[in-house]
Amino acid sequence: MTSKNTICLWYEGGAVDAANFYAQTFPDSAVGAVLRAPGDYPDGKQGDVLTVEFTVAGIPCIGLNGGPHFKHSEAFSFQIATDDQLETDRLWNAVVGNGGQESACGWCKDRWGLSWQITPRALTTALSGPDRAAAKRVFDAMMTMKKIDIAAIEAARLGQNLSSS
């Protein structure tokens, strides 16, 4: 790894599986070096995978098979910007459909407990636009969603009821 700053993610033995899933799912992602433990350690044996280097959407990471002592939480998440509903659906369905779980407002967790925000650019643009009344309508619509529905976000931005558009 050549990056000076690398995110280290703790796994309970599934670091390689997680890295492979991320590499197959998210653009600009790959699996790099796998380091096997040179000796026994509290939650593993010599020869077990200790770490795996990988990138997720261009961000360098290390997956550490550290055991059950520390769990992922929503305090850390990857936010993946999507360009359209097709990409939003593909990524959301990949994470949730691979043993993950839905949450609210575009958040979901993968089967290893890592949180993801699958965030359409249309949502971010509408929330940060100069029309604050439209931003409030978009925010209120988003608060009712699990996976973000871009058509419903656009309808809210325009002050339309999606069923009447």
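This structure is a prediction, so every number in the text was calculated from the model and none was measured.

Re the overall build of the chain
- Each helix and strand in the chain was counted, giving 5 helices and 8 strands.
- Secondary structure elements in the chain, listed N-terminal to C-terminal, are β-α-β-β-β-β-α-β-β-β-α-α-α.
- Overall, the chain is about 65 × 30 × 25 Å in size when its C-alpha atoms are taken along their principal axes.
- Counting the 165 residues in the chain, one finds 39% classified as buried.
- In the chain, the share of contacts with a sequence separation of at least 24, taken over all contacts with a separation of at least 6, comes to 56%.
- Looking at the chain as shown, the accessible area adds up to about 9000 Å², and 53% of this sits on carbon and sulfur atoms.

Details of the UniProt feature "domain: PhnB-like" (unreviewed entry) in the chain
- Per the UniProt record, "domain: PhnB-like" (unreviewed entry) is found at residues 4–119.
- Counting secondary structure, residues 4–119 comes out at 21% helix and 37% strand; the distance between its end C-alpha atoms is 27 Å.

Details of the pattern of salt bridges
- One pass over the structure, following the stated rule, counts 7 salt bridges.
- A salt bridge links Lys-71 to Glu-12; the nearest nitrogen and oxygen atoms lie 3.0 Å apart. With a gap of 59 residues between them, Lys-71 in the loop between strand S4 (59–65) and strand S5 (77–82) and Glu-12 in the loop between strand S1 (7–11) and helix H1 (15–25) connect regions that are remote in the sequence.
- You can call Lys-71 exposed: its relative accessible area is 60%.
- Here Glu-12 falls in the exposed class, since its relative accessible area comes to 54%.
- A salt bridge links Lys-147 to Asp-89; the shortest N-O distance between them is 3.1 Å. Placement of the pair is Lys-147 in the loop between helix H4 (132–142) and helix H5 (150–158) and Asp-89 in helix H2 (residues 85–97), with a sequence separation of 58 residues.

A short note on the nonpolar core
- Tyr-11, Tyr-22, Phe-26, Phe-54, Phe-78, Trp-116 and Ile-118 are the most contacted members of the largest nonpolar core, which has 22 residues in total.
- Mapped onto this core, the elements with two or more residues apiece are S1, H1, strand S3 (49–56), S5, H2 and strand S8 (115–120).
- Broken down by element, this core gets its largest block of residues, 5 residues, from H1.

Focus on H1
- For H1, the full list of buried residues reads Ala-15, Ala-18, Ala-19, Phe-21, Tyr-22 and Thr-25. Summarising the axial view, the buried residues of H1 lie within an arc of 160 degrees, below the 170-degree limit, and thus occupy one face.
- Those residues of H1 hidden inside the fold are in contact with S1, strand S2 (30–36), S3, S4, H2 and S8.

A closer look at the environment of Pro-38
- As for its position among the elements, Pro-38 is in the loop between S2 and S3.
- Residues Pro-38 and Leu-91 lie 53 residues apart in sequence; the distance between their C-alpha atoms is 36 Å.

About the cut-offs
Residues numbered from 1 in each chain as written. Predicted model: local features only at pLDDT ≥ 70, side-chain atom pairs only at ≥ 80, totals over all residues. Heavy atoms only, no water. Helix = DSSP H or I, 4+ residues; strand = E, 2+ residues; numbered from the N terminus. Buried < 20%, exposed > 50% of the residue type's maximum accessible area, 1.4 Å probe, protein only. Contact = heavy atoms within 4.5 Å. Areas by Shrake-Rupley, 256 points an atom, 1.4 Å probe, with all protein chains shown as cover. UniProt positions renumbered as here; feature names shortened; annotations may be inferred. Salt bridge = Lys/Arg side-chain N within 4 Å of Asp/Glu carboxyl O. Core = buried A, V, L, I, M, F, W, Y, C linked by side-chain atoms within 4.5 Å. Arc of directions from axis to C-beta.

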